[in-house]
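# A closer look at the structure
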There are 6 protein chains.
Amino acid sequence: MRQIDALKSPRFTQVSTFARLPLCAKDEEIKAAFLGIPFDDATTYRPGARFGPMGIRQGSRLLRPYNQFLDTYPFDKLNACDLGDVNIVPGYIEDTMNVIQNNLYEIISAKDMVPFIAGGDHSITLPILRAIYRKYGKVNIVHFDSHYDFWDSYWGKKYTHGTWLRRAIEESLIKNAVQAGIRASTFSKEDLKDKERLGVSSFTIRDLKNNIDAVIKEINSLTGPTYISIDIDVVDPAFAPGTGTPEVGGLTSFEIIEIVRRLRFDKLVGFDVVEVSPPYDVSEITSMLAANIIYEGMSVLSLNL
Amino acid sequence: MRQIDALKSPRFTQVSTFARLPLCAKDEEIKAAFLGIPFDDATTYRPGARFGPMGIRQGSRLLRPYNQFLDTYPFDKLNACDLGDVNIVPGYIEDTMNVIQNNLYEIISAKDMVPFIAGGDHSITLPILRAIYRKYGKVNIVHFDSHYDFWDSYWGKKYTHGTWLRRAIEESLIKNAVQAGIRASTFSKEDLKDKERLGVSSFTIRDLKNNIDAVIKEINSLTGPTYISIDIDVVDPAFAPGTGTPEVGGLTSFEIIEIVRRLRFDKLVGFDVVEVSPPYDVSEITSMLAANIIYEGMSVLSLNL
Amino acid sequence: MRQIDALKSPRFTQVSTFARLPLCAKDEEIKAAFLGIPFDDATTYRPGARFGPMGIRQGSRLLRPYNQFLDTYPFDKLNACDLGDVNIVPGYIEDTMNVIQNNLYEIISAKDMVPFIAGGDHSITLPILRAIYRKYGKVNIVHFDSHYDFWDSYWGKKYTHGTWLRRAIEESLIKNAVQAGIRASTFSKEDLKDKERLGVSSFTIRDLKNNIDAVIKEINSLTGPTYISIDIDVVDPAFAPGTGTPEVGGLTSFEIIEIVRRLRFDKLVGFDVVEVSPPYDVSEITSMLAANIIYEGMSVLSLNL
Amino acid sequence: MRQIDALKSPRFTQVSTFARLPLCAKDEEIKAAFLGIPFDDATTYRPGARFGPMGIRQGSRLLRPYNQFLDTYPFDKLNACDLGDVNIVPGYIEDTMNVIQNNLYEIISAKDMVPFIAGGDHSITLPILRAIYRKYGKVNIVHFDSHYDFWDSYWGKKYTHGTWLRRAIEESLIKNAVQAGIRASTFSKEDLKDKERLGVSSFTIRDLKNNIDAVIKEINSLTGPTYISIDIDVVDPAFAPGTGTPEVGGLTSFEIIEIVRRLRFDKLVGFDVVEVSPPYDVSEITSMLAANIIYEGMSVLSLNL
Amino acid sequence: MRQIDALKSPRFTQVSTFARLPLCAKDEEIKAAFLGIPFDDATTYRPGARFGPMGIRQGSRLLRPYNQFLDTYPFDKLNACDLGDVNIVPGYIEDTMNVIQNNLYEIISAKDMVPFIAGGDHSITLPILRAIYRKYGKVNIVHFDSHYDFWDSYWGKKYTHGTWLRRAIEESLIKNAVQAGIRASTFSKEDLKDKERLGVSSFTIRDLKNNIDAVIKEINSLTGPTYISIDIDVVDPAFAPGTGTPEVGGLTSFEIIEIVRRLRFDKLVGFDVVEVSPPYDVSEITSMLAANIIYEGMSVLSLNL
Amino acid sequence: MRQIDALKSPRFTQVSTFARLPLCAKDEEIKAAFLGIPFDDATTYRPGARFGPMGIRQGSRLLRPYNQFLDTYPFDKLNACDLGDVNIVPGYIEDTMNVIQNNLYEIISAKDMVPFIAGGDHSITLPILRAIYRKYGKVNIVHFDSHYDFWDSYWGKKYTHGTWLRRAIEESLIKNAVQAGIRASTFSKEDLKDKERLGVSSFTIRDLKNNIDAVIKEINSLTGPTYISIDIDVVDPAFAPGTGTPEVGGLTSFEIIEIVRRLRFDKLVGFDVVEVSPPYDVSEITSMLAANIIYEGMSVLSLNL
């Protein structure tokens, strides 16, 4: 009987569990699992997303078995469980990226299951995509965010929470990229040209607010393995104050929930909700929203079963 | 019975009563009064609604005499006042229910007035309905909430904030029940069948967001004595973080205010706003919203005078 | 005059100025500047707007050079900078009004530039308008607020944050007044008649929510010098909790941002955002919103250049 | 005049008065009463003390009838009650000072009672002392604070929360002045000479921490009418974060409570606790401390009866 | 793979774990374990102690294996683990007391181990003592608190967080009772006589502050089975704001930690820390303190091994 | 180089620099300057210290020119100013260490001045010491902390906020090391042996509380260049909640302030206050304390001039 060694595993990792599900057992058949990746050292402004998995687990305590809007019992159908957290390396982005990539690949190569990942900042999506690529080859990415996230570098560094999408495209991990919710001011007009150069299909918040059907139609027309990445800052800070680089003028919680409910994929291979920073949250509303987004994502996946 | 004049005495001065109205005097003719029921031991998650009446009184300090949207002076027309609080019994649900029922019956049998009640958790609505029934017979209930509240029991107990509506129907206190705003995940698909079995006309948040006119039309077609019960969690946690079992994806404050303004009844016999939990509120926004909802409710009532 | 480059120096470093712009230098050609007026003793309820300029500077750290919605680089085009704060006199409204009027007149008479002012409570707009009048003669005022702000007096005093618009009209400073977003309960039905008497074109929140195009059309048809004054409480307290007299049922952050983006003037002569009270804010969301409103205002101005 | 019985009515119920005492009735014989003076426009840094009386009433809900440390029932012995608040004039210091002076004189000239006053910022003590002087002639002042409060002026103005003591001495209202707890950095070494010039007996926090007996002995040797003024910032911000100009390194709550308990006067004529600013408080700890200080002050007074 | 059924087990119960220890396994030899009892419906003022076990587990994440002040590895020596929470019945005090008593007796009768219990409000100590009595017969109780907790009843009810000690004495569960830290105002002078009548050796906060050695000497002279109960409100609200009925003028965190470290018993049979209410906590300081108190208690116990 | 005069310009106005001092000008003779190092990616638990310099600047607004306890005008004597922040590299510890080392060396080699540094987490002290060493050779370090900070590694990494002191000793940068305030539980009993092996003179919090004179005597007997490093968590979380790895049972603010005031050195070459994390602060009390500690440090330095 020993404590977990804090010299090996950072203190802000590991359990209570998502939706009060059991921790995953080795020999269990599962179709989906919750996984925490509590890394936040690649954020460019407010930190705290390291407490994201902890907060989302806490915020998931009210989730119940039946989703009446999609007529499904997601946890039952998916035999869902909680995988705990990846033991990241604080202060070392590139080491952490290796740990994430290896851990996740190990998980998804051992079982045919879909990870539902709670960040952590958005830099984690790059090593996730590398692991996904290793198993599935190129995937579509569906990306909800208020920022483009395809900047080239910050402070002379290639790996931050604002550069992962460019890296993923440069590394040829991506088949099609669709992003929606963009609204932040940008560093330059070149950013708009970059989305053409990089081949990203990008919808602003205005596009999304004014014609949500068109956006969903484009997303739902994607074929083949698809990964969904939701930066919680696509939602307005009134609904999601607990985040690192909030941008006003975003989605409501009703809108993001309804969007996720309406997504349909022939092959969903992964899903993340990132940038939830509990130290900036109030009364757990951001954590609860993130937990519900994951719940709706699991529900959508369960419809194929 | 007049508010303290904010043009003479600043709003942050003097002892708190609802809208800075006087406490009710015994021999006064009144048509409506504010009543606090600070009981929260029947909540299934976050407590604190015991401070609801206190918070709502505080949050009502900015209310002014004239409602320009309904062209009425509600306090003047109703000769409104503040009745103080019911002396509930913490930790004893069933004793408290008796106290509430008896106190409220005493109040409404003595005078022909309409109580505007601030909870407290939603369990208080059952004894309120019993008192209402004793005076008026069966009533219609108009229920705004994110939860069905007709579960059978929790922890082997029949009386919680999630079971009151089933109890009220079983006790034959209800004529017609209309509920709107439902969106929480549920324990089972049976919950949907229960709404048929119990004869509850139930609108989800989607129904409400997509066709508010239809919902209001159905409510306004009710005839006879009608009671309104508003669980503040029908509103989104961005607008009402101060509550016990928040559910994301709810109404905006503009929507709930507009809904209440549009309600019309031939006989409104009572009105409650429950589940306001100030310890989880931020900058009093939930309390202010609840105070405004009561103000709009009083305004609607005053239109009949 | 350039922002500190966030791609070289992280956003949480260095001393706070608006948008990390430099402080204005005496001999610089500028077309717009940020100015703080941290006076809050004329508020009728919650104070704290004295920390408004400080909060808005802090909340502006994420602003980037390019506005993709208006296709402009506002700071570059305007050669924008930060003028610091006016040294107001706490507890002395009328002395403060003189200081503001004189300081601002000195600034705008020395250079042909447009001040973007962060309050402070709304009482500051009166001395601002006096200074503006001295340079430009009568101006149009475009006023977003949840309150009429043309009451005659409070506590026997003519100068508060709720009386400035009446004073400005009485002093013949105003050509046309258009206000929008009104929703607070009022002291009397006379308030509605006053808007006719005073010649204010007034739109309620309902008008704004239901027909935003009509409101913008009326505003954009104004000709000649125009001043914009935005009380942050026109926005709902969910999006802007940090304010002194919040009123539920207001605009979303998306709505106010879109409104400002759509305004067009032949001659914009000043712009303020008032009533931001950081002690009541949560996670800086109100400050960030106010900073973005000023950014959009600068962007609109820059379109004429 | 009795408190609402907390053994019958839970403490979180009913309208807030100080210690749940009744509001004072005109024809009642009382020996002490609580009075709120919610003015905060003379503060030089963080406002919010206008909510001090409200906060202290709320923080007093746990006070019970018997003080075991002084073996007294203060409320019973004093027939204590709550006088409500003075209707101050926000933004007008000098008008407010007149209102305070007149109101208080009216109260203490009508009845032979001792006011226990909750501020508001420290500027209110000057008009209080003028009213006291008018009734009793020169009084001793016992002043606990982290600041000297005898500066000459701020921003060219004579009346602020940092100048009241100099004004009171200049106006010849004071017999002897003893102050303790001083620790803030000062504007100049002249401040130390001023205390000699003004004849103030001044103890630093070090004096108080190192030899509390000496300080109490000096205070208790005062004869004739004596007024006590306690700026809550004499207490460390860990114990009293809710204040306007906090200074680290102060008293603990145990120390201030014990000091008050040990004070003895042949004639106590008034008592105030000022600078409690609830917007900066956490979990009401400052308000609760202030309420307890007033309770101990009333207890000391009751010993003479 | 199923969620824990929220209809049987309240949502605010169950794990992350104390000090990141493993959950207890059935067949493991253990000498001490952490147990949560998240019941708070017997509180007379602020609720929230139902989140106490959750908060304390969270606040225990920084605890490390070696206690240098007592030169011991408590977790190793005790083979400590986390037993999870008792499934209490919200809103039903007496049912809950039965559940607690039965659960705890089952635990301590099966194994010779010492429970370290996190409340919950102080009412839980009564059923704990009943279970302890059933195994060990009469025990000494060492009780740190700011309140006597031997009142007879509240609101006509015998079971609240302020009556448990009287009940325990009446039920003859107690051998010797020593309490320390008492300072709250009381309902009557009779309370002091009651301590004589009930045979409680009671030290005030003054006794404790002025002569801590005497108090510890008396406690350490107790012989036979001894139970320790620490109401976190014995600590000053500056150090422990997260509690239900705070009383100013209490212990510092250094004092309570040092006191616990100095306790020595020939037979410690149980230990609780109660009244930690996370909704009122700031930055987890109360939870961290409670976790450290339990850690020191385990350390003291481990010295006998 | 003078502070903005708070008697002319209220303290809540103007852009934040430390103590409202001017930014340092290149050609100015200065003897001390404030420098921010906002790096927090080496923390092992709660982040946020990147906002430390910003928070401390804000918390320093109340500092006035004259220190009456040391009879000195520190800013005047030192001609003090604010150097802004070092542009660290988020997420890259080792790059950041190089940037810090080079920047600081550049500063102190150009002028004979003493840097007063605000962190950032404690990892920054290692590159600071390297720069100091390069100028002065080996220095004494005086280290106040609740943790030893001489662990060997975390997660396989040598550079964290808990390993800097061991690294500094291994790199032979240190002449004598004295640390005080130690109290956290540790990973192993080996930690106590390490302090012998590493030659660190270490005082626990008990040593400090029980015999402060002895500790100060040992520190003040150091000769030659000396560097002071104060981890704010040496102070109790009641006084300094805004930090990353708080440990209960620490110093009061009065104690730390008095300790700093009593330090005397023949050659003070640098001073830091680290681990201030504003997201976890309440009402700026931690930031204010840190600002005051720096103020006292500057005052002590000024005594030699």
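On a predicted model such as this, the values are computed, not experimentally measured, just so you know. Just so you know, the residues in each chain are numbered from 1, in the order the chain's sequence is written. Lettering for chains starts from A, numbering for ligands starts from 1, and both go in the order in which the items are written. Per-residue local features are limited, in this predicted model, to residues with pLDDT of at least 70; the limit for side-chain atom pairs, both in listing and counting, is 80 or more; totals at the level of whole chains, interfaces and linings are taken over all residues. The side-chain figures draw on all heavy atoms in the structure; neither hydrogens nor water molecules are used.

## Points about the interface of chain F and chain E
Cut-off, in case you're wondering: Whether two residues are in contact is decided by their heavy atoms: any pair within 4.5 Å suffices. Buried surface area refers to the total accessible area, computed with a probe of radius 1.4 Å, that the two partners give up upon joining, counted for both partners together. Salt bridge criterion: a side-chain nitrogen from Lys or Arg within 4 Å of a carboxyl oxygen from Asp or Glu. Polar contact is defined as a pair of N or O atoms within 3.5 Å, subject to the rule that within protein one atom must be able to donate a hydrogen and the other to accept it, and that residues adjacent in sequence are counted only when both atoms are side-chain atoms. Think of it this way: any DSSP run of H or I at least four residues long counts as a helix, any run of E at least two long counts as a strand, and we number them from the N terminus. The nonpolar class holds Ala, Val, Leu, Ile, Met, Phe, Trp, Tyr, Cys and Pro. Asp, Glu, Lys and Arg form the charged class, and all remaining residues, Gly among them, are polar.
Counting residues at the interface gives 30 residues for chain F and 26 residues for chain E. A buried area of about 2,400 Å², summed over both sides, lies between chain F and chain E, and 60% of it is on carbon and sulfur atoms. For chain F, the biggest contributors to the area lost against chain E are Tyr45, Arg206 and Val248 of chain F; these three give 26% of the whole. At the surface where chain F touches chain E, the tally comes to 3 salt bridges. The partner of Arg206 of chain F in a salt bridge is Glu258 of chain E, and the shortest N-O contact between them spans 2.8 Å. Taken together, the connections running from chain F to chain E amount to 12 residue pairs in polar contact (both at pLDDT 80 or more). If you tally residues by element for the side of chain F that touches chain E, the top one is helix α7 (residues 205-210) of chain F, at 3 residues. Residues belonging to the side of chain F that touches chain E are distributed by class as follows: 15 nonpolar, 8 polar and 7 charged.

## Focus: the relation of the copies chain A and chain C
For the pair of chain copies, the relating transformation is a rotation about an axis with a translation along it. Note the threshold: When the copies are superposed, the least-squares fit draws on C-alpha atoms of residues that have pLDDT of at least 70 in both.
Under the fitted operation, chain A is carried onto chain C by 0.1 Å of movement along the axis and a turn of 120°, and the coordinates agree to an RMSD of 0.2 Å. What the rotation and shift describe, once combined, is the action of a three-fold rotation axis. Closest approach to the rotation axis within chain A is made by the C-alpha atom of Ala238 of chain A, at a distance of 3.2 Å. Mapped onto chain C, only 9% of the interface residues of chain A are again interface residues, and the two copies thus contact each other with different surfaces.

## Some thoughts on the interface of chain A and chain C
At the interface, 35 residues of chain A touch 33 residues of chain C. For the chain A and chain C pair, buried surface summed over both sides reaches about 3,000 Å², with 60% attributable to carbon and sulfur atoms. Among the residues chain A hides against chain C, the three largest losses belong to Tyr45, Phe187 and Arg206 of chain A. Together they make up 25% of the total. The residue Glu247 of chain A makes a salt bridge to Arg64 of chain C at a minimum N-O spacing of 3.2 Å. At the junction of chain A with chain C, the criterion picks out 13 residue pairs in polar contact (both at pLDDT 80 or more). Among the elements that make up the side of chain A that touches chain C, the one with the highest residue count is helix α7 (residues 205-210) of chain A (3 residues). The residue makeup of the side of chain A that touches chain C, split by class, is 17 nonpolar, 11 polar and 7 charged.

## A word on the environment of Leu192 of chain F
Our working definition: Accessible area is worked out with a 1.4 Å probe on protein chains only. A residue is then buried under 20% of its type maximum, exposed over 50%, and partly exposed in between.
Relative to the helices and strands, Leu192 of chain F resides in helix α6 (residues 190-197). Take Leu192 of chain F: its relative accessible area is 23%, and that puts it in the partly exposed class. In this structure, the C-alpha to C-alpha distance between Leu192 of chain F and Tyr148 of chain F, residues 44 residues apart in sequence, is 9.2 Å. Once residues within four sequence positions are removed from consideration, Leu192 of chain F is found in contact with Tyr66 and Gln68 of chain E together with Tyr148 of chain F.

## So, the sheet that holds strand β6 (residues 200-204) of chain D
All names here are of chain D. Convention followed: When DSSP locates at least two bridges between a pair of strands, those strands are taken to pair. Here an axis means a line fitted to C-alpha atoms, over the contact stretch when the element is a helix, while the angle between two N-to-C directions is reported on a 0 to 180 degree scale.
With respect to topology, 8 strands assemble into an open sheet ordered β2-β1-β3-β8-β7-β4-β5-β6, the strand pairing being parallel. Two strands in the sheet have a free side with no partner beyond their single neighbour: β2 (81-85) and β6. Adjacent strand axes in the sheet meet at a mean angle of 15° when their direction is disregarded. Sheet analysis places strand β1 (residues 32-37) next to strand β3 (residues 114-119), joined by 6 bridges and oriented parallel. Along β3, the bridge assignment pairs Ala32 with Val114.

## Remarks on the arrangement of the chains
The two partners chain A and chain D share no contact, and the minimum distance between any of their C-alpha atoms is 15 Å. Taking C-alpha atoms as the reference, chain C and chain E come no closer than 15 Å and do not contact one another.

## Here's the deal with helix α1 (residues 52-59) of chain D
Counting buried residues in α1 of chain D gives 8 out of 8 residues, a clear majority hidden from the surface. Burial in α1 of chain D covers these residues: Gly52, Pro53, Met54, Gly55, Ile56, Arg57, Gln58 and Gly59 of chain D. Packed against the buried residues of α1 of chain D are α1 (52-59) of chain B together with β1, β2, β3 and α10 (285-302) of chain D.

## Structural notes on the side chain of Arg20 of chain B
Residue and element names in this part refer to chain B. Note the cut-off: Asp and Glu count as negative and Lys and Arg as positive, but His and the ends of the chain are not part of the count.
For Arg20, the location among the structural elements is in the segment before β1 (32-37). Of the buried charged residues, Arg20 lacks a salt bridge, with Asp5 as the closest side chain of opposite charge at 7.0 Å. When near neighbours in sequence (up to four residues on either side) are disregarded, Arg20 contacts Arg2, Gln3, Ile4, Asp5, Ala6, Ser9, Pro10, Arg11, Thr13, Gln14 and Arg61.

## Here we look at the pattern of salt bridges
All names here are of chain B. Applying the stated rule across the entire model yields 129 salt bridges over all chains. A salt bridge links Arg50 to Asp40, with the nearest nitrogen and oxygen atoms 3.0 Å apart. Of this pair, Arg50 sits in the loop between β1 and α1 while Asp40 is found in the loop between β1 and α1, placing the two residues 10 residues apart along the sequence. Note on Arg50: relative accessible area 1%, which makes it buried.

## Brief notes about the packing of helix α3 (residues 93-110) of chain D against helix α4 (residues 125-136) of chain D
Residue and element names in this part refer to chain D. Cut-off, in case you're wondering: Working rule for handedness: look at the near helix, and if it is turned counterclockwise from the far one by less than a right angle, call the crossing left-handed; if clockwise, right-handed.
In the contact formed by α3 and α4, the axes pass within 8 Å of each other and the chain directions differ by 35°. The two elements α3 and α4 meet at a crossing, and its hand is right-handed. Between α3, through Met97, Ile100, Gln101, Leu104, Tyr105 and Ile108, and α4, the contact on the second element is made entirely by Leu126, Pro127, Ile128, Arg130, Ala131, Ile132, Arg134 and Lys135. The residue makeup of the contact of α3 with α4, split by class, is 10 nonpolar, 1 polar and 3 charged.

## Structural notes on the confidence of the model for chain A
Rule in force here: Per-residue confidence from the prediction method is given by pLDDT, with values spanning 0 to 100.
On average, residues of chain A score 93 in pLDDT, and 95% of them reach the 70 mark or higher. Across the assembled chains, the prediction reports ipTM 0.96 with pTM 0.97.

## Some points on the pairing of strand β8 (residues 267-274) of chain D
Residues and elements named next belong to chain D. Here is the rule we go by: Here the term right-handed applies to a crossover when the path leading from its first strand over the helix to its second strand runs clockwise, the strands being oriented away from the viewer.
Of all 8 residues in β8, 7 are buried, a share of seventy percent or more. Sheet analysis places β3 next to β8, joined by 3 bridges and oriented parallel. Each residue of the ladder has a partner; that of Ile117, found in β8, is Asp272. Pairing of strand β7 (residues 225-231) with β8 involves 7 bridges; the strand directions are parallel. Each residue of the ladder has a partner; that of Ser229, found in β8, is Asp272. Taking the sense of rotation as the criterion, the β-α-β connection linking β7, helix α9 (residues 253-262) and β8 turns out right-handed.

## What to know about the pairing of strand β1 (residues 32-37) of chain E
Residue and element names in this part refer to chain E. Burial analysis of β1 places 6 of its 6 residues in the buried class, which makes it a mostly covered element. Two elements, β1 and strand β2 (residues 81-85), share 3 bridges in a ladder whose sense is parallel. Within β2, the residue paired with Phe34 across the bridge is Asp82.

## Section: the nonpolar core
Generally speaking, nonpolar side chains in soluble globular proteins are found buried as a group. Let me state the cut-off plainly: Take the buried residues of types Ala, Val, Leu, Ile, Met, Phe, Trp, Tyr and Cys, join any two whose side-chain atoms come within 4.5 Å, and each joined set is a nonpolar core.
Phe18 of chain D, Phe18 of chain E together with Phe18 of chain F are the most contacted members of the largest nonpolar core, which has 275 residues in total. With residues near it in sequence (within four places) discarded, Phe18 of chain F still touches Phe34, Ile56, Arg57, Ser60, Leu63, Phe75, Asp82, Ala291, Ile294, Tyr295 and Met298 of chain F. Grouped together as the second largest cluster of nonpolar side chains are 274 residues, Ala240 of chain A, Ala32 of chain C together with Ala6 and Ile37 of chain F included.

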